[in-house]
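# Report on the structure
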Amino acid sequence: MSNPIFCEGCGVPIQTEKTDRLGYAPPSALNREQVICQRCFRLKHYNEIQDVSLTDDDYRKILSGIGSKDALIVKVVDIFDFSGSWLTGIHRFVGKNKILLIGNKLDLLPKSVKPNKIKHWMKYEAKQLGVKVIDVELMSAEKGMRVKEVAATIEEYRNDKDVYIVGATNVGKSTFINQLIKEFSEETSSLITTSHYPGTTLDLIEIPLDQKSSLYDTPGIINHHQIAHYINKKDLKKITPKKEVKPKVYQLNDGQTLFLGGLARFDFEAGPKQSFICYLSNELPIHRTKLEKASDLYDKQVGELLSPPDPEDVELLPTLTKHEFTIKEDKTDIVFSGLGWITVSSVPARVAAYAPEGVGVYVRSALI
């Protein structure tokens, strides 16, 4: 093909030769008004993802050009999985450009949480991670909640410059951009392909804002410390919250354990009897047992009573690694990257959190 044709869904160059390679479309698709690759077609019509071979280097090459541009950077994170969806080293990509931080999936948090508290917390967390942001906005791209307000804030800060939307896979960037197109454009037929599976948007997609500037959707970067990379697509749906998370409260004595499916484990080793509040997908089963029986139960029941993972995926799951914490401050969250968190309500408490090797586990002041 002399002039390359680009997929309207994900931005990759279309090719008609190799069915298992990026950008494949059958030759007949080239006659359509809107050409999309087979992968985007299957995603759009059947909600099926097709894996492609893109390396971290590929993603970073696409992003590394942004620092040399004069633009506004809009960084989208998943409020429910802030650390898991944070891009480390983002300052290396953006150069001197200003960063507007957007927290997505606001609809998943209990309604009792005050939005201003979340904004202050996000600003503080970003600063701790070495990034000074010009402002913080909150939204739910999936529900179309506060999308107009976010768009107005972007317009306020961009000063007629280009806008680059960046984020990890799975934070809802493309869903957000589709909402913007629906909200502000007559031409809704060219919606970007979206999905909650890791790694969907494959190349820069340009959406004109005015005659001189554009908004660009960049590929999601894969964060390998998220649990999503160790489970199958069916289980990913179970652990990814779809609606407001209902806190589950467990009264535990020391010497008791909670299993979060078979993907993670929480031990209350020492401290006063107290409530532990679990903020996880409503579909993820929690199983309580005695600490002394926990290891034996896990060995016998992972993939069965303790699932997800599926029985056939047990072999693929890395060994659960132990992280020990002595909690000295009331209201502390133990966070499992990509799963959710458990709030410890009384101190002192000694706890241990287990997650697959490589999956992030950390402590923060309680968000709720």
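That block above? That's the structure.
Below, the structure is looked at part by part. (Residues numbered from 1 in each chain as written. Predicted model: local features only at pLDDT ≥ 70, side-chain atom pairs only at ≥ 80, totals over all residues. Heavy atoms only, no water.)

### Section: the overall build of the protein chain
A count of helical and extended segments in the protein chain gives 8 helices and 16 strands. What you see for the protein chain is a C-alpha radius of gyration of 22 Å, in line with the 21 Å of a compact globule of 368 residues. Dimensions of the protein chain, computed from C-alpha atoms along their principal axes, come out at roughly 70 × 45 × 30 Å. Out of the 368 residues in the protein chain, the part that is buried amounts to 52%. Taking the intrachain contacts of the protein chain between residues at least 6 apart in sequence as the baseline, contacts between residues at least 24 apart amount to 70%. Put simply, the protein chain shows about 17500 Å² of open surface, and 48% of that area lies on carbon and sulfur atoms. (Helix = DSSP H or I, 4+ residues; strand = E, 2+ residues; numbered from the N terminus. Rg over C-alpha atoms; globule rule 2.2 N^0.38 Å. Buried < 20%, exposed > 50% of the residue type's maximum accessible area, 1.4 Å probe, protein only. Contact = heavy atoms within 4.5 Å. Areas by Shrake-Rupley, 256 points an atom, 1.4 Å probe, with all protein chains shown as cover.)

### Structural notes on the nonpolar core
Counting 60 residues, the largest nonpolar core has V74, L101, I118, M122, I154, I165 and F176 as its most contacted members. Examining the composition of this core, we find that 6 residues originate from one element, strand β1 (residues 71–78), more than from any other. Once residues lying within four places of it in the same chain are set aside, the contact partners of F176 are M139, A141, V147, V150, I154 and I165. Membership of the second largest hydrophobic core comes to 41 residues, among which are A294, V302, A349 and V359. (Core = buried A, V, L, I, M, F, W, Y, C linked by side-chain atoms within 4.5 Å.)

### Some points on the pattern of salt bridges
With the rule as written, the count across this model stands at 16 salt bridges. Of the charged contacts in the structure, one is a salt bridge between D70 and K161, with a shortest N-O distance of 3.2 Å. A residue pair is termed long-range when its members are at least 10 positions apart, and D70 in the loop between α2 (56–64) and β1 and K161 in the loop between α5 (147–158) and β4 (162–166) qualify at 91 residues. Taking the relative accessible area as the measure of exposure, D70 reaches 54% and is therefore exposed. In this structure K161 comes out as partly exposed when scored by relative accessible area, which is 30%. The network of salt bridges with shared partners includes E269, K322, E324 and R350. (Salt bridge = Lys/Arg side-chain N within 4 Å of Asp/Glu carboxyl O.)

### What to know about the pairing of β1
The element β1 is extensively covered by neighbouring structure, given that 8 of its 8 residues are classed as buried. Note that β1 and β4 share 5 bridges and pair parallel. Looking at the pairing, V74 lines up with I165 of β4. Across 6 bridges, the pairing between β1 and strand β2 (residues 99–104) is parallel. The residue bridging D78 from the neighbouring strand is N104, located in β2. (Pairing = 2+ DSSP bridges.)

### Notes on the pairing of strand β15 (residues 349–356)
Taken across its 8 residues, β15 has 7 buried, putting it largely inside the fold. Inspection of the sheet shows strand β9 (residues 264–270) paired to β15 by 5 bridges, in the antiparallel sense. By the bridge assignment, D267 is partnered in β15 with A352. In the sheet, strand β12 (residues 320–327) pairs with β15 via 8 bridges, with the strands oriented antiparallel. Each bridged residue has a counterpart across the sheet, and for H323 the counterpart in β15 is A353.

### Examining the side chain of S345
Structurally, the position occupied by S345 is in the loop between β14 (340–344) and β15. Separated by 2.5 Å, the side chain of S345 and the backbone oxygen of S275 make a polar contact. Discounting chain neighbours no more than four positions away, the residues touching S345 are Q274, S275, D330 and K331. (Polar contact = N/O pair within 3.5 Å; in protein donor to acceptor, adjacent residues only side chain to side chain.)

### Some points on unusual backbone geometry
Here the residue pair S307 and P308 is connected by a cis peptide bond, since its omega of 0° sits within 30 degrees of zero. Relative to the helices and strands, P308 is located in the loop between α8 (291–301) and β12. Phi is positive for N159, which is not a glycine, with a value near 50°. Turning to its location among the elements, N159 is positioned in the loop between α5 and β4.

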